[in-house]
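# Architecture at a glance
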Amino acid sequence: MTTTSPAQATAVAPATDAHALTGKRRIAFASYVDENYLPGFLVLLRSLALSNPGVCEDFVVLHDDLRPGSIAKIRALHPRVVLRRVNADHYDSYKKGDQDNYLVRKAYFILDVFRMREYDTVITLDTDMVVLGDLGELLKLREGLAAVSQFFYGQHKLNSGLLVIQREYLSDEFCARLDRCGRSGDYELDKHDQGILNAVLDGDFVRLDPRYNFVKRRLSGDLPVPDDTAILHFTGRHKPWQGGEAGYSQAEDRWREFDLPDADFHAAYLAKSGGLHHDLIVHYGTPHVARTGDVEAARKVAAAHISTGDYQDAVDILSSVRIPLDEAWPHEVLGHALMSVSRYDEAKTQLLLATAAPNRAATAYARLAQMAWVHGDNAEALRYATAGMSVDPTHRSSRLWAQRAAAVPSQEQGSAEDQLAHVAFYMDRQGNAGDKLLPESVRSAFGPDTTSRRWHSVHAHRLFDEAALQRVNRRRGLVIGGGGLFIPDTMPNGNSAWQWNVPDELLKHIDVPIAVFAVGFNAFDGQSYRANRFRESLRLLVEQSSFFGLRNHGSIEKVRAMLPAHLHDKVRFQPCPTTVTRQLVPGWQDPAHRDDTILINAAYDRAALRFGHDYSYFLAQMAQAVRDLGELAEVQCVAHSLDDEKIVFDLRREHGISMPVIPMYDFENDEIRDLYARTKLVIGMRGHAGMIPFGCGTPIISLISHPKMAYFLRDIERPEWGVSVHDRHLAARLVERSKDLLADHAKTVADVHGRQQELWKVTEANAADLRVILGG
């Protein structure tokens, strides 16, 4: 283990590759395509989208002769095409037939697929296939090399038209075995791609149901295609786009269902119901809207843009069509997009139009209430929220805004010149427990008094206007933090593109010292800040700040990459104050006795980014882990938010596992700290389900579904205290590491205290600088 302390670690910051940190599987489809088989491949792409409308992974196209026009046709059908040339020079010494033979050139493709290193799972599809059913089972496969056994040759040999290849086969070692076999010529001459693989595998592959590679020959005599067929494979010389073959008309009719002009294909995809993939909606919907002016399609595209944080694109697509006055849903989505880029007056107009329809009124009123609250008008916010509840008494968002608007603000007790202003996300009742604790924790790092005698609260999500500026400038300084304020979509705005809704001009006019304290860069694996607005606001904030501290070195690296070089040195390390709770809480005493419990926390916000295609696997592994951990201590679920209870419901329904639930979202701050201090071990997925118990002196294991978890563990030099939610041996690793940490619990707690002490040294050093900057 390295001996570098967190205080010294600035120069050796951890890698920030999100995939490497989270272990999230990268999946790709792959096909070999030439000009002769291009018509089949275009149909394959359309069938994949229409049969699996919620799936959009990279599609690697290996080729050696595609024309630019052909490439353009392919790109028009898939937003994540990766083009790669096969290298036939590698195979010159192979025993093979005619170099122009498609099967021989496809053998290059099969061998090149195994040379891919950037993916964890690769699914190969032949260009003479058509996808008719759900491929979810293939996407969930995690081990081995899977294929369908050859129809005529028994179980020993595979048909390589469909392969599901996992990481261990995408390796230099396996490629060397293929290479030796290919050069020796020790394989069947008639089917080079199958021959080399079959010779090397010798029957050692995972056998898939034939419906995933249902060969045309099984339908001889014009038999109908079975209803459960997922992939129909037009093996043989005669392909549907070449005129077909007698005796297979019903099969070829299924192929022709997807031989569509692009306009018809776009319309067919957008007419699908259910969970359409946002990338595909945008890719197919944008030209469809430009061609037709279809308002409903524009709404779907705009909603897809909103789901990925592309708010201006959402505004643009809906602004390009004429929305009838009585079409409430498009007005509501446009209003949502406009308020997300801070065009509030226009948003209000759109949302008022949306309130005319009963099925959209509650949501529209809730957004109107939100905008009024953002502008500091609690009376109007309450009026709109009440209107939303009158339409739908169960509408959760309207109820939330009513509670916020009706809340009585705390009375300021101190004099302005003695106070620090504090920009933070002040969590609502029954909100995320970690975020509820954060503002108080930040304040405790500046002294024991965390009340309004010492602090003037500025809610990050409210518009920072001239009146707010004057209030801040009357204080002796401004503290911004803590938590992951650098995230684009929690409460989007067009003024800063991060959580603090501050226009540049007002930020420039803050004339008291600014201290950014323990803020985190919170983008998920697969989530990005696409707009320049964030970079510009960030640069200005760093320039204006007297102290700029981020809570982990991963965030430091991410932020520095967005700044000009001359500002890099201003960005420093300031651990989250929750991680040094024992040092900050007045009169803290470690518990004399701990409950015989292990607390588990899971998070479900942005679940697709956290789990990808692996949620069912994660759940099964957690079921096994809970069973085995139960032999060490009582296992309980600790819910930071209401949504965190989902794991309990899913475990009971899918695996018959029951756990008691601790509703931490209802806890006061002292109760949160007390519970985490008294348990023996916390296994948590939320960042603060790791940092808070660690700060209370409790051992932790992080369920890593977000890079920030790995950032923190690297900062404390204990990466082994984290396990990816995608880990192939998740349950076993959790139990093994839990046993290690609990075997000598006192020693483990002492290790936690030692790691914490290093973070405390950094905090103390920064505190000395802050006393000079802020005075006192």
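Structure first, text after, so check above.
Residues numbered from 1 in each chain as written. Predicted model: local features only at pLDDT ≥ 70, side-chain atom pairs only at ≥ 80, totals over all residues. Heavy atoms only, no water.

Counting its regular elements, the protein chain contains 31 helices and 23 strands. By the compact-globule yardstick of 28 Å for 776 residues, the protein chain fits well, its C-alpha radius of gyration being 29 Å. If you line up the protein chain on its principal axes, its C-alpha atoms span 90 × 70 × 55 Å. Looking at the protein chain as a whole, 59% of its 776 residues are labelled buried. Considering only intrachain contacts with a sequence separation of at least 6, the fraction spanning at least 24 residues in the protein chain is 72%. For the protein chain, the exposed area adds up to about 30500 Å²; of that, 49% sits on carbon and sulfur atoms. The averaged location of the 101 negative side-chain charges in the protein chain is 1 Å from the averaged location of its 89 positive side-chain charges. (Helix = DSSP H or I, 4+ residues; strand = E, 2+ residues; numbered from the N terminus. Rg over C-alpha atoms; globule rule 2.2 N^0.38 Å. Buried < 20%, exposed > 50% of the residue type's maximum accessible area, 1.4 Å probe, protein only. Contact = heavy atoms within 4.5 Å. Areas by Shrake-Rupley, 256 points an atom, 1.4 Å probe, with all protein chains shown as cover. Lys, Arg positive; Asp, Glu negative; His and termini not counted. Charge placed at Lys NZ, Arg CZ, Asp CG, Glu CD.)

Taken in spatial order, the seven strands line up as β3-β2-β1-β4-β7-β6-β8 in an open sheet, and their pairing is mixed. Unpaired on one side and paired on the other, β3 (81-85) and β8 (206-207) mark the two borders of the sheet. Note that strand β2 (residues 58-63) and β3 share five bridges and pair parallel. Each bridged residue has a counterpart across the sheet, and for Val61 the counterpart in β3 is Leu83. (Pairing = 2+ DSSP bridges.)

As a further point, take the state of the cysteines. Disulfide: a covalent bond formed between the sulfur atoms of two cysteine residues. In this structure the tally under the stated criterion is zero disulfides. Cysteine Cys576 remains unbridged, with the sulfur of Cys696 as its closest cysteine sulfur at 11 Å. (Disulfide = S-S within 2.5 Å.)

Let us look at helix α26 (residues 646-655). Taken as a whole, α26 has its buried residues at Ile647, Val648, Asp650 and Leu651. Turning to α26, the residues buried within the fold contact α25 (615-629), β19 (634-639) and β20 (661-663). In the stretch just after α26, Gly656 is the one whose phi turns positive, near 70°.

Now for the nonpolar core. Membership of the largest hydrophobic core comes to 122 residues, with the highest contact counts inside it found for Phe486, Trp500 and Phe618. If you tally residues by element for this core, the top one is α25, at nine residues. Among the nonpolar cores identified, the runner-up in size contains 101 residues, and Ile123, Leu280, Val341 and Ala387 belong to it. (Core = buried A, V, L, I, M, F, W, Y, C linked by side-chain atoms within 4.5 Å.)

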